[in-house]
Amino acid sequence: GAVVSQHPSWVICKSGTSVKIECRSLDFQATTMFWYRQFPKQSLMLMATSNEGSKATYEQGVEKDKFLINHASLTLSTLTVTSAHPEDSSFYICSALGGSGANVLTFGAGSRLTVL
Amino acid sequence: DQQVKQNSPSLSVQEGRISILNCDYTNSMFDYFLWYKKYPAEGPTFLISISSIKDKNEDGRFTVFLNKSAKHLSLHIVPSQPGDSAVYFCAGRNTGNQFYFGTGTSLTVIP
C-alpha cells in the first residue's frame, strides 16, 4: 500500500533554533500534501496545504513566516519551524493525497517536536 | 471553527458487542467523509470512507452511515475486538480537497 515517510520522528531543540521536518511519499507521486498539528487530546488541526511547485496555502491563524513549507518535488514536502519556542512543541503530521485512492489521505507517522 | 465534531471523547464496549462512534459536521459543502484510526505517537491510518451521495458503506466489520439532512455520520464496528482499541477520527473533505478532522473518540474494547 501507499506509504508516507516522515522524518525525524522526534526532535528536541533549543528555543530560537529552526527545525526542518521532511515528508516523503515513497511509492506514489503526491501533488498535494497537507500538514497537521495535534495538541494533546485534541483534534488534528490542518495547518496548510502544500502544492508541488507553488506556494502553500495556510489556514487562518497559522503564521506562514513561522511555519515555512516547501514542496519542491512530487514526493517531498518540508515543514520548517523557524525560531522555535516552547509553545511550538507539538506533534506534527504530514499527509499526502493519493496512493491509497484519489480521495484518501495517507498519513506519515508524525514528528514530535519538543522545544526547550 | 470546528467544522467536524465528535462529542464523545471516549467509549468502552465489551468484546463481541457493537461499537458505535458518532460524528457531526457543519459544512454542507463536504462531499466525502472518512474515518481514521490512530494509535499513540503514530499517524492515523485510513479505515473506511463514504461519498456524500451515499448513505451507507460497508467493509467487513466496519460500516459507515451518513445522514446528510442531520449532518451526521456514524461508524459501526461489529463485532468489536480488543485490537480495535484506538482513537477514531472522522473527517470531512470540502470541494477544495481539504480535510477537516473531528476531535477523536477513544475506543476501548474490553476483553
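Definitions and limits used
- Residues numbered from 1 in each chain as written.
- Chains lettered and ligands numbered in written order.
- Predicted model: local features only at pLDDT ≥ 70, side-chain atom pairs only at ≥ 80, totals over all residues.
- Heavy atoms only, no water.
- Helix = DSSP H or I, 4+ residues; strand = E, 2+ residues; numbered from the N terminus.
- Buried < 20%, exposed > 50% of the residue type's maximum accessible area, 1.4 Å probe, protein only.
- Contact = heavy atoms within 4.5 Å.
- Areas by Shrake-Rupley, 256 points an atom, 1.4 Å probe, with all protein chains shown as cover.
- Disulfide = S-S within 2.5 Å.

Student: Could you give an account of the overall build of chain A, with specific residues and numbers?
Tutor: Counting its secondary structure elements, chain A contains zero helices and 11 strands. Structurally, chain A occupies a C-alpha span of about 40 × 25 × 20 Å along its principal axes. When the 116 residues of chain A are sorted by exposure, 52% land in the buried category. Within chain A, counting contacts between residues at least 6 apart in sequence, those at least 24 apart form 54% of the total. If you sum the accessible surface of chain A, you get close to 5,500 Å²; carbon and sulfur atoms cover 52% of it.

Student: Lay out the state of the cysteines in plain terms, naming residues and giving numbers.
Tutor: Taken as a whole, this structure holds two disulfides over all chains when the rule is applied. One disulfide bridge connects B:Cys23 with B:Cys90, the sulfur atoms lying 1.8 Å from each other. Across the S-S bond linking B:Cys23 and B:Cys90, the dihedral sits near 65 degrees, which makes this disulfide right-handed. Taken together, the positions of B:Cys23 in strand 3 (residues 19–25) and B:Cys90 in strand 9 (residues 86–93) put the pair 67 residues apart, joining distant regions of the chain. Just as B:Cys23 is buried, B:Cys90 falls in that class too. With no disulfide of its own, A:Cys13 lies closest to A:Cys94 among cysteine sulfurs, the gap being 18 Å. A relative accessible area of 8% means that A:Cys13 is categorised as buried.

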